Amino acid sequence: MSATWTDDRVETLARLWTEGLSASQIARILGGVTRNAVIGKVHRMGLCGRATPHVPGAGRPDQRRERRGRIPPKKARRLPRPAHPPLTAPETGLASVVSVRLGQCRWPIGEPQDEAFCLCGRPRERGAYCAPHGALAYRATARSHLVKLAGRAVWA
């Protein structure tokens, strides 16, 4: 459904555009054309300037939306990091590469080529490691902090 651009319609388009009406408003007045068709015709005609610039929110009072203040999101509270006593890493392992299970620490102990090579094997607490090995593997950065989200303390 495409209406042709007659001389009369083109004159009406140019007049409405210079009066400051939007492309949607002009399309409704002309009928049979879309907003995009009006925009395309305006550009082909070279009508770039307007007599009155479009002002946001300058419609009829019944068309204006009530401005509501945005409620800022609640910021997560930073909790102080709990002071852990220094943990010592175990010197001997409890698991081999073959026997290590899903919930066990995978910190390597010894040289991989040695026959005595093993994995820690203690219960995991931080990532793939137990608490002492997790403290060695994961260093705190400037962005790393403990935050409280939805009542739970999580690492962020």
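Residues numbered from 1 in each chain as written. Predicted model: local features only at pLDDT ≥ 70, side-chain atom pairs only at ≥ 80, totals over all residues. Heavy atoms only, no water.

Draft legend 1. Layout of the packing of aromatic side chains. Overall, the coordinates contain one aromatic pair when judged by the stated rule. When the ring of tryptophan 107 is compared with that of tyrosine 129, the centres are 5.4 Å apart and the planes differ by 75°; the resulting orientation is edge-to-face. Here tryptophan 107, found in the loop between β1 (77-78) and β2 (108-109), pairs with tyrosine 129, found in the loop between β3 (118-119) and α4 (131-137); they are 22 residues apart in sequence, far enough to count as distant. Sitting over the ring of tryptophan 5, arginine 9 keeps its end group 5.8 Å from the ring centre. (Phe/Tyr/Trp six-rings, centres within 6.5 Å; stacked < 30°, edge-to-face > 60°. Helix = DSSP H or I, 4+ residues; strand = E, 2+ residues; numbered from the N terminus. Lys NZ or Arg CZ within 6 Å of the ring centre and 35° of its normal.)

Draft legend 2. Region of the structure containing the state of the cysteines. Evaluated as defined, the whole model comprises zero disulfides. As a non-bridged cysteine, cysteine 118 has cysteine 120 as the owner of its nearest cysteine sulfur, 8.6 Å distant. Cysteine 118 sits in the buried class, given a relative accessible area of 14%. Free cysteine cysteine 130: the closest other cysteine sulfur is in cysteine 105, separated by 3.8 Å. (Disulfide = S-S within 2.5 Å. Buried < 20%, exposed > 50% of the residue type's maximum accessible area, 1.4 Å probe, protein only.)

Draft legend 3. Just helix α2 (residues 23-30), in detail. For α2, every residue scored as buried is listed here: Ala23, Ile26, Ala27 and Leu30. Projected down its long axis, α2 shows its buried positions confined to an angular sector of 100°, all on one face. Facing away from the buried side of α2 by more than 90 degrees, the exposed set consists of Arg28 and Ile29. Directly after α2, the chain includes glycine 31, whose backbone phi takes a positive value near 70°. (Arc of directions from axis to C-beta.)

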